[in-house]
Amino acid sequence: MSDFWRNVGSVVTGTALAQIIPVLGSLIIARQYVPAEFGVFSAWLGMALWLAVVLTGRFEMALVIERDGEARRLAVLSTIVTACLGAGVAGLALAVGILAVPEWVANFPLTLILISIPVALAVAVAQTWQSWAAAEGFYRQLSLMRIAQAGAITLLQIGAGVFFASASALAIAYMLGLTIGIALSAVLMPVGALPKGVGTAPLRAFWRRHRRFPMFSLPADAINTAAAQLPVLLVAGRFGAEMAGLLAMAMRMLGTPISLLGRAVLDVFKRQAATSFRERGECRDDYLRTFKVLALVSLIFCAVMSMASEPLFVLAFGESWRGAGVIAVWLLPIFALRFMASPLSYMAYIAGKQHIDLIWQIALLGMTFISLSVPQQQDFALQAYSAGYSLLYIVYLVMSYRFSLGEKR
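Residues numbered from 1 in each chain as written. Predicted model: local features only at pLDDT ≥ 70, side-chain atom pairs only at ≥ 80, totals over all residues. Heavy atoms only, no water.

Peer 1: Help me out: how do you make sense of the pattern of salt bridges in this one?
Peer 2: For side chains bearing opposite charge, pairing can occur when the charged atoms are close. All chains considered together, the criterion is met by eight salt bridges. Glu319 is paired through a salt bridge with Arg322; the nearest N and O atoms lie 2.6 Å apart. Given a relative accessible area of 32%, Arg322 falls into the partly exposed group. What you see here is one network of salt bridges that share partners, running through Arg280, Glu282, Asp286 and Arg289. (Salt bridge = Lys/Arg side-chain N within 4 Å of Asp/Glu carboxyl O. Buried < 20%, exposed > 50% of the residue type's maximum accessible area, 1.4 Å probe, protein only.)

Peer 1: Got a minute to help me understand the nonpolar core in this structure?
Peer 2: Soluble globular proteins tend to pack their nonpolar side chains together in the buried interior. Counting 120 residues, the largest nonpolar core has Trp44, Val119, Trp129, Met249 and Leu331 as its most contacted members. With 16 residues, the single largest contributor to this core is helix H4 (residues 110-136). If sequence neighbours within four positions are ignored, Trp44 has contacts with Phe108, Leu112, Ile115, Ser116, Val119 and Ala171. (Core = buried A, V, L, I, M, F, W, Y, C linked by side-chain atoms within 4.5 Å. Helix = DSSP H or I, 4+ residues; strand = E, 2+ residues; numbered from the N terminus. Contact = heavy atoms within 4.5 Å.)

Peer 1: How should I be thinking about the environment of His355 in this particular structure?
Peer 2: Note that His355 resides in helix H13 (residues 354-373). Relative accessible area serves as the criterion here: at 34%, His355 is assigned to the partly exposed category. Aside from chain neighbours lying at most four places away, what touches His355 is Arg212 and Phe216.

Peer 1: Looking at this structure, I do not really get unusual backbone geometry. What am I missing?
Peer 2: Residues apart from glycine generally show negative phi values, whereas peptide bonds are mostly found in trans. Phi at Arg58 takes a positive value of approximately 65°, unusual for a residue other than glycine. Tracing the backbone through its elements, the reader meets Arg58 in the loop between helix H2 (35-55) and helix H3 (70-100).

Peer 1: Can you walk me through the confidence of the model for the protein in this structure?
Peer 2: In regions of low pLDDT, the predicted coordinates are not meant to be interpreted in detail. Residue-level pLDDT values for the protein average 82, and 89% of them are 70 or greater. At the level of individual helices and strands, the protein shows its lowest average pLDDT in helix H1 (residues 3-32), which scores 70, and its highest in helix H6 (residues 167-188), which scores 93. (pLDDT = per-residue confidence, 0-100.)

Peer 1: Would you take a moment to explain the packing of H2 against helix H8 (residues 212-239) for this structure?
Peer 2: Think of two packed helices as two axes; the pair is described by the angle between the axes and how far apart they sit. Where H2 meets H8, the closest approach of the two axes is 9 Å, and the angle between their N-to-C directions is 180°. Our classification of the angle between H2 and H8 gives roughly antiparallel. Counted together, Gly39, Ser42, Ala43, Gly46, Met47, Leu49, Trp50, Val53 and Val54 of H2 and Leu218, Asp221, Ala222, Thr225, Ala226, Gln229, Val232 and Leu233 of H8 form the full contact between these two elements. The residue inventory of the contact of H2 with H8, partitioned by class, reads eleven nonpolar, five polar and one charged. (Axes fitted to C-alpha atoms, helices over the stretch in contact; angles between N-to-C directions. Parallel < 35°, antiparallel > 145°, perpendicular 65-115°, else oblique. Nonpolar A, V, L, I, M, F, W, Y, C, P; charged D, E, K, R; others polar.)

Peer 1: Before we go on, may I ask you to explain the environment of Ala36 in this structure?
Peer 2: Here Ala36 is to be found in helix H2. Given the relative accessible area of 31%, Ala36 is considered partly exposed. Spatially, the C-alpha atom of Ala36 lies 5.7 Å from that of Gly245, the residues being 209 residues apart in sequence. Sequence-distant contacts of Ala36, that is, excluding residues within four places in its chain, are made with Ala241 and Glu242.

Peer 1: Mind showing me how you'd approach the side chain of Asp357 here?
Peer 2: Considering the arrangement of structural elements, one finds Asp357 in helix H13. Of the side chains with opposite charge, Arg58 lies nearest to the buried Asp357, which makes no salt bridge, at 8.4 Å. In this structure Asp357 touches Ala220, Asp221, Ala348 and Tyr396, once residues within four positions along its chain are discounted. (Lys, Arg positive; Asp, Glu negative; His and termini not counted.)

Peer 1: In this structure, what is going on with H2? I would like to understand it.
Peer 2: For an α-helix, 3.6 residues make a turn, and residues three or four places apart therefore share a direction. For H2, with 21 residues, the first-to-last C-alpha span of 30 Å sits near the 30 Å given by 1.5 Å per residue. Looking one or two residues beyond H2, the residue adopting positive phi is Gly57, at roughly 65°. (Expected span 1.5 Å × (residues − 1).)

Encoded structure:
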């Protein structure tokens, strides 16, 4: 077995537990919380996850490019400082926005509004630590971080549902679970402090060296996250919180198994492909080897879910969630292609093609908004969204392959 797939297997083992925990937890959560409450929580979480992307400036994506050891540790500190500064600015903007236009937040409980910035910052910090572990090749620590975070969030959400089965309870439990995960990450990989006398010089140098990430990767990934979270928000606004809850559950259950291997492959692929690209100016073989396995797993997943989705949702969550099983079948093409495209999309960073990635993300956001805003029937809107998203993913796969050729083109 190659080192690549041995490392993938190592990450998958831990990531599997981190993914199975919320899946099993969902069997209980779906019976504690009605679709409408889950829909409100999912819409709020989508906005918090989008803000988390913005806070880091996407500098965590540059960690794998830094040299191993001290240089990368300083990069981690710089990324966390960036996120904290961003959270401060976001907090001020939120306060001004609430005072100036209070109707912006009228659809969400006050508790969700108050903890939105802390949750976004916690997500950003947790993601930075996990990116650091992946960049260093510390796959055991990475797995432990993910397992602890998933377990803490799920157990706390189930516990909260016993007493207060509301969107606010889900959100507070999510925040506390993230905090526990970050605490363990800090124990497993202490980041330390800047050397005495260095001051802010490493931070400024890091910003200058990787300025293309906030210039191109940040808007591209912010748009990508918005496009991923926008469906729940649009569906909630047009077709109601219950329909949004069904959609959110379908996306959650499809995304969990798909991201299991895909996320593990990304953690290993980005390190190995970046090394090959630095040494040879291309990484075509790494790309094709990864693509073939992803494509095979994707086809198997689609074949199984297309036949079993609806009865599985009813069996697992109850009759009130049958609609989520139907929606899951419509969305299968998206998640199958995302499974292949997401790990390989890192080629845009390795090849320095973030500007092209940004153009594609803008097209994706436009397609998502139009497909879910124009059709009057909710079924047709979701089917149009699935078709448009899938076509754009095919375009992205072609682009990422061309990026892998590097100097061979």
